[in-house]
Amino acid sequence: MFFRSKKPRLSAEEALNSKPMRLVDAEMSLLPEGGMLKVLMRQPKWGRTLFRLPENSTKTYEFDAIGVFVWDNIDGKTSVEQIILRLAKRYDMNMREAQVPTIKFLEMLIKRGLVGVPMDKKDKEKA
Amino acid sequence: MASKEKTDTVSPLTTGRSQLIAWHGWRLNVPDAWNPVKVDGDRDQGVLLLADMFQAKLGLRWRRMKRGDPVQWANRSLEAEVGKLAAAEAVDYPMPEGSDWRVSKLYIDKEPPGRDIWVGWSQKSGRVLEIVHHAKTRDPVLADQVLPSVSDTQSTDPQAWSIYDFSAITSAEWSLKWFRLNAGDLTLAFANQRRSIRLRQVGPASLALSRMELDDWIGQLDKAYRKIYREAQNLSDVTLQLPTRALKGRSGVFRRKRRLFWAFRFANEVRTLGFHDPVRNRLLMAQGDDEPAMREMIATMGWASREVEK
């Protein structure tokens, strides 16, 4: 569309060096095979008049063990590359085998609005 | 004052560890962080592209030479890759003694970033191999690490396979039919005339087994098999003796459906063997109609990691 702002595109190197951070304040409750994340649902703008969510309604995400590991490492200080290395080390995985699920999982978290990647001004200008 | 961030001491570019890649007879030693991102072709002609976390690092391209002079073939391949002027600057690269390389030419780009290229013709298999190293800076890894380790095997010798974390050795009569390389779930399917074997490795086993029991992993049949074979009913305990230890596992037999009694091209029964390797934290599975060969192949799984450890 003409007026839609373009989403900034990151190169592979920039993406791996980026430091993802959590956008929701939620506690992970651990389960034997992973964990469960309860997130407070946000009222959509259009829904304030048409449809109102009950107060304190939550959404639950189930994570497997790798998901919990990645979530624990998302702190705004650890880069994606470091998360991949730690995962590979923790589960004795090949680098590529650790990279693929980590990146896919982070993409999914970003899509759901649970995690964000801070952008530099330069990146925004590039977009 | 801003505190200095702690960073992991392990970096993909500085680990110094190496891994073995073995594919369609080729075998070479590459840095641990370089992993295949594109695998294509068969024994006669194919491509293998290795990349680190950021970019493509090494490309392998091979082709069987049907006729003509191997020197001319190698020169032509080099010219096609870097052009005539650059190809004229290529030097003969001495391969280790005892290796059967009749041609071995190396071109190093003088002004990186660029491509360093080695072209060789193997007497063992009659194939031309091109190795292209995408060098960002002056990096001696191609000449110092990769090239001295490049070797080839004859099609009549046992074939070694090593890709990602999967490694196995098959006897010469088994040829690779297809492969599926998903992260943590690697399958290679081999065929020998009408017989077939699929080798599968799932890891880490601690996660895989928390999701599903070993019996359920064994019970998983591919869709193509499910149409032909009934589900396994009696799973039994099996043991596989390795040189240093014994692996415990389960075995299941899938019999052909009665209504397909006329389909003689399919084996009467297909056996699946599944083992948990606690040392490597991997599940090793084999499915096929030749149990002795399956046992032999499973026993060799993980040979590459053992060799690197040595």
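Attention here is on the structure that accompanies the text. (Residues numbered from 1 in each chain as written. Chains lettered and ligands numbered in written order. Predicted model: local features only at pLDDT ≥ 70, side-chain atom pairs only at ≥ 80, totals over all residues.)

**Notes on the overall build of chain B**
Okay, step 1: Within chain B, the regular secondary structure consists of 8 helices and 18 strands.
Okay, step 2: Principal-axis analysis of the C-alpha atoms places the extent of chain B at approximately 70 × 65 × 35 Å.
Okay, step 3: For chain B, the residues scored as buried account for 34% of the 310 residues in total. (Helix = DSSP H or I, 4+ residues; strand = E, 2+ residues; numbered from the N terminus. Buried ≥ 20, exposed ≤ 12 C-beta atoms within 10 Å, placed from the backbone.)

**Observations concerning the overall build of chain A**
Okay, step 1: Within chain A, the regular secondary structure consists of 6 helices and 5 strands.
Okay, step 2: When its helices and strands are written in sequence order, chain A yields α-β-β-β-α-β-α-α-α-β-α.
Okay, step 3: A total of 127 residues make up chain A; the buried ones form 27% of that total.
Okay, step 4: Sequence-distant contacts, at least 24 apart, represent 60% of the contacts inside chain A between residues at least 6 apart. (Contact = placed C-beta atoms within 7 Å.)

**What about helix α5 (residues 95-111) of chain A?**
Okay, step 1: The end-to-end C-alpha distance of α5 of chain A is 24 Å, a good match for the 24 Å that 17 residues give at a rise of 1.5 Å each.
Okay, step 2: On its buried side, α5 of chain A packs onto α3 (65-73), α4 (80-90) and β5 (115-116) of chain A together with β3 (35-41) of chain B.
Okay, step 3: Where α5 of chain A ends, the next residue or the one after it, Gly113 of chain A, has phi of about 80°, a positive value. (Expected span 1.5 Å × (residues − 1).)

**Notes on the packing of α4 of chain A against α5 of chain A**
Geometrically, a packed helix pair is captured by the angle between its two axes and the distance between the axes.
Residue and element names in this part refer to chain A.
Okay, step 1: Following both chains from N to C, one finds α4 and α5 inclined at 130°, their axes separated by 9 Å at the closest point. When the axis of α4 is compared with that of α5, the two are oblique. Every pair of crossing elements has a handedness; the one defined by α4 and α5 is right-handed. Facing Val80, Ile83, Ile84, Leu87 and Ala88 of α4, the residues of α5 in contact are Met95, Ala98, Gln99, Thr102 and Leu106. (Axes fitted to C-alpha atoms, helices over the stretch in contact; angles between N-to-C directions. Parallel < 35°, antiparallel > 145°, perpendicular 65-115°, else oblique. Left-handed = near helix turned anticlockwise from the far one by under 90°.)

**Some words on the nonpolar core**
Okay, step 1: Core analysis: the largest hydrophobic core is formed by 87 residues, its most contacted members being Leu87 of chain A together with Val146, Ala286 and Ile298 of chain B.
Okay, step 2: What Ala286 of chain B contacts, discounting residues up to four positions off in sequence, is Ile197, Arg198, Leu199, Leu273, Met294, Met297 and Ile298 of chain B. (Core = buried A, V, L, I, M, F, W, Y, C linked by C-beta atoms within 7 Å.)

**Examining the interface of chain A and chain B**
When the parts of a complex come together, some accessible area is lost, and that lost area is often taken as the interface size.
Okay, step 1: Counting from both sides, the interface comprises 22 residues of chain A and, opposite them, 19 residues of chain B.
Okay, step 2: Elements represented by at least two residues in the side of chain A that touches chain B include exactly α1 (12-17), α3, α4 and α5 of chain A.
Okay, step 3: The element best represented in the side of chain A that touches chain B is α5 of chain A, accounting for 6 residues.
Okay, step 4: Here the side of chain A that touches chain B is composed, by residue class, of 10 nonpolar, 3 polar and 9 charged. (Nonpolar A, V, L, I, M, F, W, Y, C, P; charged D, E, K, R; others polar.)

**Description of the packing of α3 of chain A against α4 of chain A**
Residues and elements named next belong to chain A.
Okay, step 1: Where α3 contacts α4, the two axes come as close as 10 Å, and the packing angle between them is 140°. As the angle between them shows, α3 and α4 are arranged oblique. Note that α3 runs across α4; the crossing there is right-handed. Residue-level contacts link Ile66, Phe69, Val70 and Asn73 of α3 to Ile83, Arg86, Leu87 and Arg90 of α4.
Okay, step 2: Classifying every residue of the contact of α3 with α4 by side-chain character gives 5 nonpolar, 1 polar and 2 charged.

**What to know about helix α7 (residues 291-300) of chain B**
Residue and element names in this part refer to chain B.
Okay, step 1: Taken residue by residue, α7 has Met294, Met297 and Ile298 as its buried positions. Down the axis of α7, the sector holding all buried residues measures 100°, keeping them to one side.
Okay, step 2: Summarising the contacts, the buried residues of α7 are in contact with β11 (166-170), β14 (195-202), β15 (236-241), β17 (269-277) and β18 (282-288).
Okay, step 3: Positive backbone phi, approximately 95°, marks Gly302, located one or two places after α7. (Arc of directions from axis to C-beta.)

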